[in-house]
Amino acid sequence: MKLKLSTKILLIAILLTVIAIAFVAFAFSHPELGFPVSIRTTLIIYGVYIAVTVLLYVIAIMLKKFEGRKK
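Every residue gets a number counted from 1 within its own chain, in the order that chain's sequence is written. In keeping with the predicted nature of the model, local features appear solely for residues at pLDDT of at least 70, side-chain atom pairs appear and are counted solely at 80 or more, and the whole-chain, interface and lining totals rest on all residues. For the side-chain quantities, the full set of heavy atoms in the structure was used; hydrogens and water were omitted.

**Examining the layout of surface pockets**
Estimated volume of the largest pocket: approximately 270 Å³. As for the largest pocket, its lining consists of T17, I19, A20, F23, V24, I45, Y46, Y49, I50 and T53. Its residues placed into classes, the lining of the largest pocket shows eight nonpolar, two polar and no charged. Residues are said to line a cavity or pocket when one of their atoms sits within 4 Å of a point; the points come from a 1 Å grid over protein atoms alone, cavities being sets where a 1.4 Å probe fits but cannot get out and pockets being open sets with protein on both sides within 12 Å along at least five of seven lines. Grid points are joined across faces, edges and corners, and a volume is the space filled by probe spheres set on the points. When its volume is computed, the second largest pocket comes out at roughly 180 Å³. F23, F26, A27, H30, L33, G34, F35 and Y46 together form the lining of the second largest pocket. Of all the elements, helix α1 (residues 5-29) adds the most residues to the lining of the second largest pocket, at three residues. Charged means Asp, Glu, Lys or Arg here, nonpolar means Ala, Val, Leu, Ile, Met, Phe, Trp, Tyr, Cys or Pro, and polar covers whatever is left, Gly included. A breakdown of the residues in the lining of the second largest pocket according to their chemical character gives six nonpolar, two polar and no charged. Numbering of helices and strands starts at the N terminus; helices are DSSP runs of H or I of at least 4 residues and strands are runs of E of at least 2.

**Concerning the side chain of T53**
Along the chain, T53 turns up in helix α2 (residues 39-70). Any residue under 20% of the maximum accessible area for its type is buried, any over 50% is exposed, and the rest in between are partly exposed; the area is computed with a 1.4 Å probe on protein chains only. T53 sits in the buried class, given a relative accessible area of 8%. At a separation of 2.8 Å, a polar atom in the side chain of T53 contacts the main-chain carbonyl oxygen of Y49. Every residue pair with non-hydrogen atoms within 4.5 Å of one another is taken to be in contact. Beyond its immediate sequence surroundings of up to four residues, T53 is in contact with A13, L16 and T17. Under this definition, polar contacts are N or O atom pairs within 3.5 Å; protein pairs additionally need one hydrogen-donor-capable and one acceptor-capable atom, and for neighbouring residues in sequence, both atoms have to be side-chain atoms.

**Focus: the nonpolar core**
Nonpolar cores were defined as sets of buried Ala, Val, Leu, Ile, Met, Phe, Trp, Tyr and Cys residues, with membership established by side-chain atoms within 4.5 Å. Formed by I9, A13, L16, L56 and A60, the largest nonpolar core amounts to five residues. For this core, the elements supplying multiple residues, two or more each, are α1 and α2. It is α1 that contributes the most residues to this core, three residues altogether. Among all residues touching L56, those that are not within four sequence positions of it are I9, I12, A13 and L16.

**Structural notes on the side chain of S6**
Take S6: it is sitting in helix α1. Overall, S6 belongs to the buried group, its relative accessible area being 3%. Leave out the neighbours within four places in its chain, and S6 touches A60, L63, K64 and E67.

Without other data, these values stay purely geometric and don't point to any function.
Rendered as structure tokens:
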């Protein structure tokens, strides 16, 4: 079974969301662990991760609409 590009991108976005939720759950369970980088760098990394995840959702939705019109 071959998946459409929009479905593949949506699955990647969902996987990134699940990983983010697991990371937050782990972080709340282990507050003693941390990153050896500054808080600014950490926030930039989190921001880029969130932006990429949201962008993948938007691209998947746009492709789904485009694929619907194509038929």
